[in-house]
Every structure is written in structure tokens, then in C-alpha cells.
Amino acid sequence: MLAKKIGFIGGGNMAKAIIGGLVNSGKIAPSDIFVYDRKADTNQALAEQYGINAAESADALAREVDILFGAVKPNVILKVLKELAGSLKKEALVVSIAAGVTLDSLSSVLGYDRKIVRAMPNTPSLVSEGMTSVTPNALVESAETDEVVAIFESFGKAAVVDEYLIHSVVGVSGSAPAYVFMFIEAMADAAVAGGMPRAQAYQFAAQTVKGAAQMVLTTGKHPAELKDMVCSPGGTTIEAVKVLEEKGMRSAVIEAMQQCMAKSEKLSRS
Ligand SMILES: NC(=O)C1=CN([C@@H]2O[C@H](COP(=O)(O)OP(=O)(O)OC[C@H]3O[C@@H](n4cnc5c(N)ncnc54)[C@H](O)[C@@H]3O)[C@@H](O)[C@H]2O)C=CC1
Ligand SMILES: O=C(O)[C@@H]1CCC=N1
């Protein structure tokens, strides 16, 4: 049980995923979780759904908590944190999940003596299958980093990475659900073209992606070996593999991710 008070500024999709994961894990009492969203109905809905506290204001929340999650959009997070910095407890830890906002720019508004963690979750957190990176600044103690990792592990997997790797994280997990959804959609389209009903096509495609991912995670085998296991000599699968190679699937994925990572770098500089 985590004996700390945790607050969320912003109660949107990602905050909801984290709050839901924490409450369901039983690692923290809902009465120790606080949320402040500028929309009163969002506060109320989260308080009712999870039995947590809706704070009166960002300042009131900041005064209360030991760990504060900044879960607003990147274009407003620095302003929001600057306004509440003076209300935070001296030892409070701030966790930002805003894409492209560096530890240095967070320190510039919160103070260079503030313990800060930069994290990059993804939307599968909403179904307890998230993948989150965690990057603490030099002031965060290892026990505190472990606590933040444990919070993110309550709704998926989490790993500590150096800050320079966050662009890779954005490419390979933060933004990546979007490309996987496109792949599932395309697979389902082809099944529909073969006559399968749409809903059934999504079920077959999505369960196959989930099962294939599970094989990579649990067998320890190289993805190429797992691919080879599917390809019977003279069979159906190798025909599909040939077309995917001809159409450049691998280079399309690599180039798309490089664009994504370049944009992440650009956002961090602006
Ligand atoms: N959606 C995604 O896949 C991922 C998002 N992120 C990051 O998570 C953060 C939040 O994203 P989402 O939850 O998707 O956005 P969202 O738009 O669902 O939620 C943002 C919430 O902040 C509230 N808000 C805006 N200004 C506020 C203020 N001044 N005070 C209090 N609340 C305020 C809004 O009312 C809204 O409910 C962003 O910084 C984003 O970069 C990180 C990883 C993945
Ligand atoms: O598209 C974006 O900017 C955010 C960051 C990671 C996922 N969504």
C-alpha cells in the first residue's frame, strides 16, 4: 500500500487511465487520490466513478499531495505548473506526462531544487496494458523512482530510460498504438473483402495482433523465428510475406517512426 497522497492536474484520457489503474490495483486508497480539472463536470464524474476527491482548485490540490501528476496538454503544462509551484510541499514530487516537455523546462518553472519525473505512457493504459517510460531528474531518490514505476505498473509495464531515449519511446510506444490500429483496420478490410462481417473481422485481426505480441513477450524467440514458424513451405503465408517485402512494409514503418521521433525532438526544442 502506497502511503502517499497523489494528485492529478487535468482529468482527461491519460489521467483517467492512471487513476483507474491505481484504484483497481488496490495499491492506494481512493481517499488519498485528488483530481483537479478546469471542467467541474469532469472533476465530479471522476470523483463519483472512482471514489476519489475533487479538489476546489489547482492550488488546493498542490497543497495536499506528495506526488503531483501534470496531465494537461503540452502547450499549457508549463503555465499550469508555474502557477501552482508556490503551493507545493517542499518535498513533493512532480510527474509530467506531457509529450515533448523536457526536464529542464519543467525545472525552469518548478524550480531547479524540485524533484521531477518525466513519463511517457500510452493509451493502452486505459485497458491495463500500457507501456510507460520513466525518467527522473538527479534529485529523485531511487526509492521514489521505484514508487513512480510501481504506479505505472498498476496498469501495464514501465521502465526507466535516459531522457535522450524519450524520442524513441514516443515512436515505439507513445504514438505506436495509432500505427497498430491502422494495421488492424487494414487486415480487417481485407477479411471483409473476402466476405467476413466487419465486427468479426476486427475480432480476428485484433486477437491475432494480441496473440502475436504475446508470443514475442513470452517465448523469448526472435520475431523472425516466430515468422518462420508460420510460413509453411509452398504455403499461403510466404505469399503474403513476399508482397509485404515488395511493398516495403519494414521501411515504411521505420521511416514513419523516424518522422515521429524527429517531430518529438522538434517539439522538445520549441
Ligand atoms: N493521448 C496519448 O496517447 C498520450 C498523451 N500523453 C500526454 O498526456 C497529456 C494529457 O493528454 P490527454 O489525457 O490525452 O488529454 P485530454 O485532452 O484528454 O486531457 C487534458 C485535460 O486537461 C484539462 N485541462 C486543460 N487545462 C487545464 C487547466 N489549466 N487546469 C486543469 N485542467 C486543465 C482538460 O479539461 C482535459 O480534461 C498530454 O500532455 C499528452 O502529451 C502522453 C502519452 C500518450
Ligand atoms: O501525438 C502526440 O503528440 C501524443 C504523444 C504520444 C502520443 N500522443
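The shown structure was predicted, so the numbers you read here are calculated from the model rather than taken from an experiment.

## Looking at the packing of aromatic side chains
Right, on to step 1. The full count for this structure, using the stated rule, is three aromatic pairs.
Right, on to step 2. Where Phe8 meets Phe69, the ring centres are 4.9 Å apart and the plane angle is 15 degrees; that geometry is what we call stacked. Separated by 61 residues along the polypeptide, Phe8 in strand E1 (residues 6-9) and Phe69 in strand E4 (residues 67-70) bring together distant segments of the chain. Like Phe8, the residue Phe69 is buried in the burial classification.
Right, on to step 3. Plain terms: the ring middles of Phe69 and Phe152 are 5.8 Å apart, the flat faces sit at 75 degrees to each other, and that makes the pair edge-to-face.

## Observations concerning the confidence of the model for the chain
Detailed reading of predicted coordinates is not advised where the pLDDT is low.
Right, on to step 1. For the chain, the mean per-residue pLDDT works out to 96, and 100% of the residues sit at or above 70.
Right, on to step 2. Across the assembled chains, the prediction reports ipTM 0.96 with pTM 0.94.

## Looking at the layout of surface pockets
Right, on to step 1. Quantified by volume, the largest pocket comes out at close to 2900 Å³.
Right, on to step 2. In terms of lining residues, the largest pocket is bounded by 50 residues, among which Val180, Phe183, Val209, Ala212 and Ala213 are the most central.
Right, on to step 3. Elements supplying a minimum of two residues to the lining of the largest pocket: strand E7 (130-136), helix H7 (166-174), helix H8 (176-193), helix H9 (198-219), helix H10 (223-230), helix H11 (237-246) and helix H12 (249-269).
Right, on to step 4. Here the residues of the lining of the largest pocket are counted per class, giving 34 nonpolar, 10 polar and six charged.
Right, on to step 5. As for the second largest pocket, its lining consists of 33 residues, and the residues nearest its centre are Gly10, Ala71, Val72, Lys73 and Pro74.
Right, on to step 6. Breaking the lining of the second largest pocket down by element, the ones donating at least two residues are helix H1 (13-25), helix H3 (58-64), helix H4 (74-84) and H7.
Right, on to step 7. Sort the elements by how many residues they give to the lining of the second largest pocket and H4 lands first, with seven residues.
Right, on to step 8. Of the residues assigned to the lining of the second largest pocket, the class counts are 16 nonpolar, 10 polar and seven charged.

## Some details on the side chain of Glu144
Right, on to step 1. Summarising the element assignment, Glu144 is placed in helix H6 (residues 142-153).
Right, on to step 2. Among all residues touching Glu144, those that are not within four sequence positions of it are Lys115 and Leu139.

## Some remarks on the pattern of salt bridges
Right, on to step 1. Tallying each qualifying case throughout the model produces 13 salt bridges.
Right, on to step 2. Among the salt bridges present, the one from Lys79 reaches Glu83, with a minimum N-O distance of 3.3 Å. In this pair, Lys79 and Glu83 are both assigned in helix H4, four residues apart and thus about one turn of the helix distant. The residues Lys79 and Glu83 share a single accessibility class, namely exposed.
Right, on to step 3. When the shortest N-O distance is used, the salt bridge between Glu225 and Lys221 registers 3.7 Å.
Right, on to step 4. Classification of Glu225 as partly exposed rests on a relative accessible area of 39%.

What counts, and at which threshold
Residues numbered from 1 in each chain as written. Chains lettered and ligands numbered in written order. Predicted model: local features only at pLDDT ≥ 70, side-chain atom pairs only at ≥ 80, totals over all residues. Heavy atoms only, no water. Phe/Tyr/Trp six-rings, centres within 6.5 Å; stacked < 30°, edge-to-face > 60°. Helix = DSSP H or I, 4+ residues; strand = E, 2+ residues; numbered from the N terminus. Buried < 20%, exposed > 50% of the residue type's maximum accessible area, 1.4 Å probe, protein only. pLDDT = per-residue confidence, 0-100. 1 Å grid on protein atoms, 1.4 Å probe; cavity = no way out; pocket = protein on both sides within 12 Å on 5 of 7 lines; lining within 4 Å. Points joined across faces, edges and corners; volume = space filled by probe spheres on them. Nonpolar A, V, L, I, M, F, W, Y, C, P; charged D, E, K, R; others polar. Contact = heavy atoms within 4.5 Å. Salt bridge = Lys/Arg side-chain N within 4 Å of Asp/Glu carboxyl O.

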